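# Examining the three-dimensional arrangement
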Amino acid sequence: MYTISLNGKHKINSNTKTISSMNKLRSTLLLAMFMLTSSAFGQQISGVVVDDSNQPLIGASVVVEGSSVGTSTGLDGSFSFDAQGNAGAVLVSYIGYEDATVPMAADLGRIVLQSTDIGLDGVEIVASVAQDRKTPVAQSTLDPRFVEETYGGSTELPEVLRVTPGVYATKQGGGVGDSRINIRGFDQRNVAVLINGIPVNDMENGWVYWSNWAGLGDAVKTIQVQRGLGASKLAINSIGGTMNLITKSTDAQQGGSVQYQLTDYGQAKLVASAHTGLLENGLAVSAVFSRTEGDGYVDGTWFKGISYFLSISKQLSDNQLLVFTGVGAPQTHGQRSTGLTEEQVEEFGATYNRDWGYYRNRMFNERVNYYHKPQFALNHYWTVSDVTNVSTSVYTSFGHGGGSGRLGSSYPRDEFGQIDADAAAAYNSQNIDQSAKYAQRNSVNNHIWYGALSTVNTALTDNIDLTLGVDGRYYKGEHFREVRSLLGAEFYNDRTNGPVGVAEEATSYINVFEVTPPEERVSYDNDGIVKYFGGFGQVEYSTDQLSTFLAASVNTTSNQRIDRMSYRNTDRSEESEVVNIGGYNAKIGANYNINDQHNVYANAGVFSRAPFFSFVFVNNSNDVAQGLTNEKAQSFEVGYGYRVRRLAAKVNAYHTTWEDKALLSGNITTPTGITRALLRGAGARHMGVELEFNSKPIENLDFGGIVSLGDWQWVGDIEATVYSETDPNSSSTVNAYTDGLMVGNAPQNQYGFQARYQMGMFFVGATYVYNDKFYTNYDPSRITTPEAKQDSYQLPAFGTLDARVGVDIPFGDYKAQVIAQGFNLTDEFYWSDATNNSTGDGIAYGFPGFGRNFNVAVKVSF
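Residues numbered from 1 in each chain as written. Predicted model: local features only at pLDDT ≥ 70, side-chain atom pairs only at ≥ 80, totals over all residues. Heavy atoms only, no water.

Here we come to the nonpolar core. L157, L161, W210, L216, I223, M243 and L245 are the most contacted members of the largest nonpolar core, which has 28 residues in total. Only α3 (144–150), β13 (180–183), β14 (191–195), β16 (220–227) and β17 (241–247) provide two or more residues apiece to this core. L340, L663, F774 and I783 belong to the second-largest nonpolar core, a separate cluster that totals 25 residues. (Core = buried A, V, L, I, M, F, W, Y, C linked by side-chain atoms within 4.5 Å. Buried < 20%, exposed > 50% of the residue type's maximum accessible area, 1.4 Å probe, protein only. Helix = DSSP H or I, 4+ residues; strand = E, 2+ residues; numbered from the N terminus.)

As a further point, take a negative patch on the surface. A cluster of like negative charges, contributed by E342, E343, E346 and E347, occupies part of the molecular surface. In this structure, E347 sits in helix α4 (residues 342–348). (Patch = residues over 30% accessible without salt bridge, like charges linked within 9 Å, V, L, I, M, F, W, Y side chains within 5 Å. Areas by Shrake-Rupley, 256 points an atom, 1.4 Å probe, with all protein chains shown as cover. Salt bridge = Lys/Arg side-chain N within 4 Å of Asp/Glu carboxyl O. Lys, Arg positive; Asp, Glu negative; His and termini not counted. Charge placed at Lys NZ, Arg CZ, Asp CG, Glu CD.)

A word on the sheet that holds strand β7 (residues 89–93). Read across the sheet, four strands follow the order β5-β4-β7-β8 without closing on themselves; strand pairing throughout is antiparallel. Each edge of the open sheet carries a strand with a single partner, namely β5 (70–72) and β8 (100–103). Between one strand and the next, the sheet's axes are offset by a mean angle of 15°, whatever the strand orientation. In terms of strand pairing, strand β4 (residues 61–64) meets β5 through three bridges, oriented antiparallel. Bridge pairing in β5 places V62 opposite T71. (Pairing = 2+ DSSP bridges. Axes fitted to C-alpha atoms, helices over the stretch in contact; angles between N-to-C directions.)

The next point concerns helix α5 (residues 421–430). When we look at burial in α5, the residues that qualify are A421, A424, A425 and N428. Buried residues in α5, looked at end-on, bunch into an arc of 95°, giving them a common side. In this structure, the buried side of α5 is in contact with β25 (356–359), β26 (362–365), β30 (419–420) and β31 (438–459). (Arc of directions from axis to C-beta. Contact = heavy atoms within 4.5 Å.)

With that out of the way, let us pick up the packing of aromatic side chains. For any pair of aromatic rings, geometry is given as the distance between the ring centres together with the angle between the planes. Evaluated as defined, the whole model comprises 25 aromatic pairs. When the centroid spacing of 5.3 Å and the interplanar angle of 70° are considered together, the rings of W356 and Y358 count as edge-to-face. Here W356 falls in the buried class, since its relative accessible area comes to 10%. Using a relative accessible area of 47% as the deciding quantity, one classes Y358 as partly exposed. Relative to Y438, the ring of Y427 lies with its centre 5.7 Å away and its plane at 75°, an arrangement referred to as edge-to-face. Taken together, the residues Y427 in helix α5 and Y438 in strand β31 connect sequence positions eleven residues apart. (Phe/Tyr/Trp six-rings, centres within 6.5 Å; stacked < 30°, edge-to-face > 60°.)

See below:
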């Protein structure tokens with residue numbers, strides 16, 4: 001026992017030895033109990049989950065096998081949690097990857113998951129997929145879960161990227177597949193779109209027609225946007241950026257799914273997928289099929305179509321893999337191509353459409369789009385040795401279809417401003433010769449496209465890789481018009497072919513080999529032939545901290561035009577001369593990982609692109625434009641990244657100058673009248689700052705956001721010589737005062753966020769994007785005097801809020817998922833596209849964005 005002395009010090013009595021022994025025994029028992037308690041209540045488990053390219057897998061599930069104890073990985077792929085006991089195993093799983101089971105340990109280290117997509121490594125090499133903290137470019141990658149949860153219903157595929165810095169996607173008129181995308185103020189002609197590394201921009205004009213790929217989103221696994229010149233080694237249209245669409249490829253695991261979607265305005269979609277898994281003979285097959293039908297949100301924009309995706313892989317040997325992929329989406333849909341005035345929207349509403357009416361008690365659309373563009377690719381991946389790989393893709397595409405429009409005089413209109421086709425038919429029937437004053441045509445654009453792309457990658461040393469490759473393409477586009485409907489008349493009197501009737505199967509959108517005979521064509525009939533060949537190379541030096549690259553490509557483009565109608569009764573040849581134009585690009589960049597949290601990068605590049613086919617031949621003729629000049633761009637960019645378990649952020653600044661930009665205007669006045677002319681010499685400067693971040697403030701909450709601040713302006717005035725459409729010897733000088741004008745057609749400032757919260761089987765998510773400093777579209781060639789110089793009209797800023805809620809319901813070997821989405825929940829009115837009026841202080845016409853709408857999807861996986 002203790003006694004207390006008067007001076008406050010302890011004094012031990014005669015029982016000191018006994019008490020000391022008892023204290024030692026008590027301490028020993030407490031230590032043993034603590035050790036037993038620790039063993040009973042567990043230990044902390046930690047590690048990092050990555051894919052086979054060493055990229056962190058965010059949100060991977062990590063649990064003690066046979067229990068619900070665990071967590072998900074953070075933004076750097078790391079995880080930690082407390083587990084009971086020190087025996088057993090940890091199960092790691094992530095969508096699209098094989099599960100991994102590892103023995104229980106305090107430090108599980110780096111766990112590598114293998115993708116279930118066969119040949120994915122080869123696809124990523126061909127597609128030049130950028131890697132975070134290694135490839136020195138500004139890039140954003142959407143994971144499979146986000147794509148699956150946000151695509152569908154009224155969401156167009158480009159709109160999945162709406163919460164991406166510098167990206168603006170819009171539905172334009174509102175028909176399914178009529179959307180467009182801008183990156184950093186550059187339109188689709190200057191944004192390269194790749195499907196598994198294969199370019200799909202139109203070979204003649206660079207545009208991307210999303211209706212040709214209306215069902216592609218059902219087969220897409222992930223999407224990566226590389227802003228700026230990007231990491232692609234090809235000489236492609238990537239002044240603004242590169243959009244890499246990576247499909248699901250062949251799944252090594254057996255299974256499938258069935259999904260049904262329905263919008264609140266009556267559009268239904270059925271999607272089915274099936275996978276054989278990897279069979280014993282090395283063969284695997286995956287297929288996705290969908291069917292969509294119903295009304296559109298905008299009046300008269302009905303849709304009917306199917307889509308298909310097939311992937312077959314065959315392991316030829318231990319080091320060779322063959323993969324076949326095919327994708328297509330035959331479809332037809334009503335369009336809204338005529339913009340609305342503010343007065344029309346106020347009177348008739350935002351869904352109003354002037355491009356339809358009734359004919360014999362049935363809907364009659366002036367504008368109908370129909371197309372079928374299947375693409376087939378055969379990919380061969382060969383691991384030559386431990387240091388050398390060869391990836392080769394040969395592909396082909398057949399396109400058939402077009403869009404309808406008026407042929408002859410403008411249609412009569414009813415009291416609501418819509419087409420009165422019955423009145424047009426009544427007038428036609430009264431014509432003495434039964435010829436059509438009012439008729440409907442199809443503008444047909446068939447094409448055939450072949451290509452080959454081969455890449456060799458070899459490790460020269462432990463730190464230096466060399467990549468060499470070739471890219472060859474052949475394209476032939478067939479363009480003509482045919483009669484779609486005579487509206488009660490007997491024939492249409494064409495200036496060249498005389499009386500012409502309705503083309504047989506004029507509205508077919510399934511048969512890609514359907515061709516109208518030349519004698520049944522009207523207005524025009526010509527081909528565009530484009531041949532392209534390029535070579536590219538890249539040297540990359542990389543260590544754990546430093547990664548640098550130097551890449552360059554050279555190419556030549558061959559253009560020829562064949563006109564079967566304009567020169568039929570002349571002494572000129574139907575075939576134009578062959579015009580060969582060279583181009584190149586060169587890029588250099590470096591990324592430095594300061595430590596596990598911080599990295600910095602910089603890149604620079606130059607770009608010289610041959611003019612598009614439509615710029616080479618002027619005035620819809622075989623005449624070659626004089627003084628053809630390549631469009632050129634120079635770009636510089638710096639960036640910084642920060643990544644820890646709870647937060648990942650990237651910020652970058654860019655500066656791009658565009659020189660000798662070509663403008664094709666249809667409003668140039670010459671001594672002999674109005675002509676369509678090519679203007680050269682325009683320039684533009686695009687610069688800005690972009691920020692994006694993702695965070696996990698608490699375990700089940702993902703929260704991210706973007707800030708994009710741009711300053712895009714035209715640089716320099718234009719002075720050009722144009723030639724008359726009717727008299728090649730007549731010319732005039734045109735001046736366009738463009739210097740300092742703001743670039744329109746996309747918001748220069750954007751702010752947005754996205755959030756997702758998981759509650760057991762349930763999740764809720766939301767996205768919000770606010771668009772500002774948004775100028776209307778306009779034709780700079782109209783500004784022909786200094787006094788007329790003006791900016792495009794600045795549209796009112798707007799923001800849209802979308803939300804989704806879902807539940808995953810496992811039952812036996814099946815899993816059901818229900819997702820409901822709401823778009824523009826505040827029902828805000830805004831102009832998604834607009835063209836300014838002649839005075840530049842208002843809207844001449846445009847397209848309103850969609851109001852509040854909903855869809856629901858039910859999916860069963862097995």
